[in-house]
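Geometric and topological summary
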Amino acid sequence: MITRKRLATGAVALLAALTAALLPTSAAADEPVAKESPKVELVLDVSGSMRAKDIDGKSRMSAAKQAFNEVLDAVPEEVRLGIRTLGADYPGPDRKRGCKDTRQLYPVGPLDRTEAKTAVATLAPTGWTPIGPALLGAADDLGDDGATKRIVLITDGEDTCAPLDPCQVAREIAAKGIHLVIDTLGLVPDAKTRQQLTCIAEATGGTYTSVHRTEELSRRVKQLVDRAADPVVTPVGTKGTARCVDAPLLKAGLYTDRETFGEHRWYRVDLLPGQELRASVSVSADRAVNNDYGVLLRAVTLHGREIVRGSEAGDGRTDVISTGLRYPKPALDEGPGDVKPAAETVCLQVSNSFSAPPSVKTTPGMPIELTVDVVDGPSAASDVAAFGLGRGWWLLGVLVLAGFLAGLLWGWVSRWRVAVWRTN
C-alpha cells in the first residue's frame, strides 16, 4: 500500500509539474508566448568503412544517402534541421588530422530540401571516425537557447580517436543542462560499436537502434525528427549546494542536476500555510555501478529538523531509482485581512548511496531529475499525507475490522465443532 501510494504521489506530482511547466509565465496570461522552434542535427559517418556493401546489397553510404533523401522530404516545417559529417574529407594516415575531420555540411535552420539533398549527394566514404569531436561540434551548432535540441548520430563503427571518449563527451554535454538529446543508430554494428552507441544515447536520455536495412534506417530517422517536433517538457538545469542556506530556490517545475557517488545536495522551496509540497527525485546510473544502492529525499526545516522523508533501494536490476514525499503545511486561523502569512522555507536534501569500481570515472556526476509541485493542502485531517497513507487509512481500518470479525467467526465455528465432537 505504501509503495503504491508513493508511486501515485510521484505520478501526480510529475503530472502537475509538467502542467505547470507548460503554462505561460509572462505577466499577462492572455499574451501569446513565443515558442522556440525545435532543432535537429543529423550527424553522418562518412568514414572509409561506409564502403562495405552489406545493406540490401549496396554500400552503407548508398543506404544512408537514400534514407536521407526520404527523411529530408518528410521533415516537419517547424523543425530547423542541420547536417554534420565526420570522416568525410581527410583520407590519409595522419591520426591527428583524421580526428579533426568533422564539419557542418548544412547549417541548422529552415530547410531548403533541394540544397540539403545536393550537399548529401556529394559525400563519399573517406577517412576516420571522430565521433567525440563530431558530437562536440554538433552541440555547438545547435546552441544553448531554450529550444528542444536533438542530435541523431548515424555510424557503422566505434570511435577511432580515443582518448576523447564519445560516451564521456555525451555525459559532459548532458551536464550542461542545455536540453539536448542524442539518439544513435548503428549500421550493422558489432558488439563494441553497440556498447559505445548505447552508452552515448543513455547519457543524454536518448535511444539506440541497430539498423540492417535501408527501410529501417529511413523509418527510424523520420521517427526521431518527428519526435523533436512534438511538444515536450524539458527539465530546467539547476545546481544543488552542500548547504541549504546557499541552495537554489525552486518553483514548481521539472529540474535536472548532477550528483557524484555518495553526495548530498540541497534545494529550497517556499511553502505558504494551507499549501502542500509534493516532490520526487530520480537518479540514473549512467555508468557501471556496484549492486546495492539507494536514494533519499528529505524535507527539512532551516534549523535542521526533519519533516518527512522518502527513500528507495535497488540491487542492480534497474538503472534508475526514484522516490518521493508529500508535506502539507497546516492553514492558519483567519486573521486581519491585510496580514499576509509568511512562507516557510523547506530544505530538500537529495542523497544517494551509489558506489562504483575504481576504474569508473565519478565526474561528471550521475543525472538527477527533480520534480517539485506546490498545491492546495488537504481540506480534512483524514487526508493528511504526512502519515504516508493519506486516504488509505480508511481502507486499512476496513481491513482491520474485517480481520477482527473473521477471527471472531472462526473462533465461534471452531468452538462449535469441538463441542459437537465431544458430544459424539
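Note that this is a predicted model, so its numbers are computed, not measured.

What about the overall build of the chain?
Helix and strand counts for the chain come out as nine helices and 15 strands. Counting only residues that meet the buried cut, the chain has 45% of its 424 residues in that class. Taken as a whole, the chain presents about 21900 Å² of accessible surface, with 56% of it coming from carbon and sulfur.

Some words on the side chain of threonine 155
Mapped onto the fold, threonine 155 is located in strand β4 (residues 149-155). Looking at threonine 155, its side chain comes within polar contact range of the main-chain oxygen of glycine 157, at 3.1 Å. Apart from residues lying up to four places away in sequence, threonine 155 is in contact with Asp45, Thr129, Ile131, Leu185, Gly186, Leu187 and Leu197.

So, the packing of aromatic side chains
Applying the stated criterion across every chain, the model contains one aromatic pair. Between tyrosine 293 and phenylalanine 354 the ring centres are 4.5 Å apart and the planes differ by 15°, which places this aromatic pair in the stacked class. Note that tyrosine 293 is positioned in strand β11 (residues 293-300) and phenylalanine 354 in the loop between β14 (344-352) and β15 (366-376), a separation of 61 residues in sequence. For phenylalanine 354, a relative accessible area of 4% puts it in the buried group.

Observations regarding the sheet that holds strand β5 (residues 180-187)
The six strands are arranged β3-β2-β1-β4-β5-β6 in an open sheet whose pairing can be described as mixed. A single partner strand is all that each edge strand has here, and the edge strands are β3 (102-109) and β6 (208-211). The sheet shows a mean angle of 15° between the axes of neighbouring strands, taken without regard to direction. Two elements, strand β2 (residues 80-86) and β3, share five bridges in a ladder whose sense is antiparallel. Directly across from arginine 84, in β3, lies its bridge partner glutamine 104. Each of β1 (39-45), β2, β4 and β5 touches helix α2 (residues 60-74); the most contacted strand, β1, lies at about 165° to it. Most of the contacts of helix α5 (residues 131-142) go to β4, to which it runs at about 155°, and overall it touches β1, β2, β3, β4 and β5.

What about the sheet that holds strand β12 (residues 306-314)?
Across the sheet, which stays open at both edges, the four strands sit in the order β9-β14-β11-β12 with antiparallel pairing between neighbours. The open sheet has two edge strands with one neighbour each: β9 (264-271) and β12. The sheet shows a mean angle of 15° between the axes of neighbouring strands, direction not considered.

Let's talk about the state of the cysteines
The term disulfide refers to a covalent linkage connecting the sulfur atoms of a pair of cysteines. Per the counting criterion, the structure on display carries three disulfides. The disulfide bridge from cysteine 167 ends at cysteine 199, spanning 1.7 Å between sulfur atoms. Because the torsion about its S-S bond is -45°, the bridge between cysteine 167 and cysteine 199 counts as left-handed. Taken together, the positions of cysteine 167 in helix α6 (residues 166-175) and cysteine 199 in helix α7 (residues 191-203) put the pair 32 residues apart, joining distant regions of the chain. Each member of the pair, cysteine 167 as well as cysteine 199, is classed as buried. Linked covalently through their sulfurs, cysteine 244 and cysteine 347 form a disulfide whose S-S length is 1.9 Å. Between cysteine 244 and cysteine 347, the S-S torsion sits near -80°, and that sign places the bridge as left-handed. One end of the pair, cysteine 244, is in the loop between β7 (236-237) and β8 (253-259); the other, cysteine 347, is in strand β14, and 103 residues separate them in sequence. On the basis of relative accessible area, cysteine 347 is assigned to the buried category, the value being 1%. Assigning the bonded cysteines of the chain consecutive numbers by sequence position, one obtains the connectivity 1-2, 3-4, 5-6.

Topic: unusual backbone geometry
Following threonine 363, the chain continues to proline 364 via a peptide bond in cis, the omega torsion being -10°. Even without glycine at this site, valine 188 takes up a positive phi of about 45°. Positive phi is not limited to glycine here, since aspartate 292 has a value of about 70°. Along the polypeptide, aspartate 292 turns up in the loop between β10 (275-284) and β11.

Some details on the pairing of β11
Counting buried residues in β11 gives eight out of eight residues, a clear majority hidden from the surface. Neither face of β11 is exposed, since Tyr293, Val295, Leu297 and Ala299 on one face and Gly294, Leu296, Arg298 and Val300 on the opposite face are all buried. Of the strand pairs in this sheet, β11 and β12 are connected by eight bridges, and their pairing is antiparallel. If you follow valine 300 over to β12, its bridge partner there is glutamate 306. Pairing geometry for β11 and β14, over six bridges, is antiparallel. Bridge assignment links arginine 298 to a residue of β14, and that residue is glutamine 349.

A look at the nonpolar core
Burial of nonpolar side chains together is a common tendency in soluble globular proteins. Ranked by internal contacts, the top residues of the largest apolar core, which has 35 residues, are Leu44, Ile154, Leu217 and Val225. Take this core: its biggest share by element is seven residues, from α2. Among all residues touching isoleucine 154, those that are not within four sequence positions of it are Val43, Leu44, Asp45, Phe68, Leu185, Leu187, Leu217 and Val221. Residues Tyr267, Val281, Val283 and Leu370 belong to the second largest nonpolar core, which totals 27 residues.

A short note on the packing of α2 against helix α8 (residues 214-229)
Their axes nearest at 9 Å, the elements α2 and α8 cross at an angle of 35°. Along this stretch, α2 crosses α8, giving a crossing that reads as right-handed. Note on element contacts: α8 touches α2 through Thr214, Leu217, Ser218, Val221, Lys222, Val225 and Asp226, opposite Ala63, Ala64, Gln66, Ala67, Glu70, Val71 and Ala74. Partitioned by chemical class, the residues of the contact of α2 with α8 number eight nonpolar, three polar and three charged.

Thresholds applied
- Residues numbered from 1 in each chain as written.
- Predicted model: local features only at pLDDT ≥ 70, side-chain atom pairs only at ≥ 80, totals over all residues.
- Heavy atoms only, no water.
- Helix = DSSP H or I, 4+ residues; strand = E, 2+ residues; numbered from the N terminus.
- Buried < 20%, exposed > 50% of the residue type's maximum accessible area, 1.4 Å probe, protein only.
- Areas by Shrake-Rupley, 256 points an atom, 1.4 Å probe, with all protein chains shown as cover.
- Polar contact = N/O pair within 3.5 Å; in protein donor to acceptor, adjacent residues only side chain to side chain.
- Contact = heavy atoms within 4.5 Å.
- Phe/Tyr/Trp six-rings, centres within 6.5 Å; stacked < 30°, edge-to-face > 60°.
- Pairing = 2+ DSSP bridges.
- Axes fitted to C-alpha atoms, helices over the stretch in contact; angles between N-to-C directions.
- Disulfide = S-S within 2.5 Å.
- Core = buried A, V, L, I, M, F, W, Y, C linked by side-chain atoms within 4.5 Å.
- Left-handed = near helix turned anticlockwise from the far one by under 90°.
- Nonpolar A, V, L, I, M, F, W, Y, C, P; charged D, E, K, R; others polar.

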